[in-house]
Amino acid sequence: MLSVRSLRVDYGHVQALRGVDLEAREGEITAIIGSNGAGKTSTLMAISGLAPVTEGEILFRGAP
């Protein structure tokens, strides 16, 4: 249903995410966990279109 492959997000010269892969299948519960500064918010903002995606792809039901 939702597939994130090799996601990279940069804020100016700061690399926030590098090589994030995520698969969320229909009917399953998926959680993103991690310590402060691990990139949880940046990941969700990129999936939502609120953060600049430098590399990688985000697919929802097979479509970008």
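Just so you know, these numbers come straight off a predicted model, no measurement behind them.

Conventions adopted
Residues numbered from 1 in each chain as written. Predicted model: local features only at pLDDT ≥ 70, side-chain atom pairs only at ≥ 80, totals over all residues. Heavy atoms only, no water. Helix = DSSP H or I, 4+ residues; strand = E, 2+ residues; numbered from the N terminus. Rg over C-alpha atoms; globule rule 2.2 N^0.38 Å. Buried < 20%, exposed > 50% of the residue type's maximum accessible area, 1.4 Å probe, protein only. Contact = heavy atoms within 4.5 Å. Areas by Shrake-Rupley, 256 points an atom, 1.4 Å probe, with all protein chains shown as cover. Lys, Arg positive; Asp, Glu negative; His and termini not counted. Charge placed at Lys NZ, Arg CZ, Asp CG, Glu CD. Pairing = 2+ DSSP bridges. Axes fitted to C-alpha atoms, helices over the stretch in contact; angles between N-to-C directions. Salt bridge = Lys/Arg side-chain N within 4 Å of Asp/Glu carboxyl O.

Caption draft 1: Representation of the overall build of the protein chain within the structure. In terms of helices and strands, the protein chain carries one helix and three strands. For 64 residues, the compact-globule estimate of 2.2 N^0.38 gives 11 Å, and the C-alpha radius of gyration of the protein chain, at 12 Å, lies within 12% of that figure. Counting only C-alpha atoms and orienting by the principal axes, one finds that the protein chain spans roughly 35 × 25 × 20 Å. Taken across its 64 residues, the protein chain has 25% of its residues classed as buried. Sequence separation of at least 24 residues holds for 52% of the intrachain contacts in the protein chain that already meet a minimum separation of 6. Surface accessibility of the protein chain: about 4,600 Å² in total, with carbon and sulfur atoms responsible for 53%. Here the protein chain contributes 6 positive and 7 negative side-chain charges, whose respective centroids are spaced 4 Å apart.

Caption draft 2: Structural detail: the sheet that holds strand β2 (residues 14-24). If you walk across this open sheet you meet the three strands as β2-β1-β3, and the pairing is antiparallel. Each of the sheet's edge strands pairs with one partner strand only, and the pair in question is β2 and β3 (53-60). Here the average twist between neighbouring strands, direction ignored, is 15°. Where strand β1 (residues 2-11) meets β2, seven bridges bridge the pair, whose relative direction is antiparallel. Bridge pairing in β2 places leucine 7 opposite valine 20.

Caption draft 3: The pattern of salt bridges, seen in detail. On inspection of all chains with the given rule, the structure shows four salt bridges. In this structure, arginine 5 and glutamate 57 form a salt bridge, with 3.0 Å as the shortest nitrogen-oxygen distance. One end of the pair, arginine 5, is in strand β1; the other, glutamate 57, is in strand β3, and 52 residues separate them in sequence. The class for glutamate 57 is partly exposed, based on a relative accessible area of 35%.

Read these as spatial facts, not as claims about activity.
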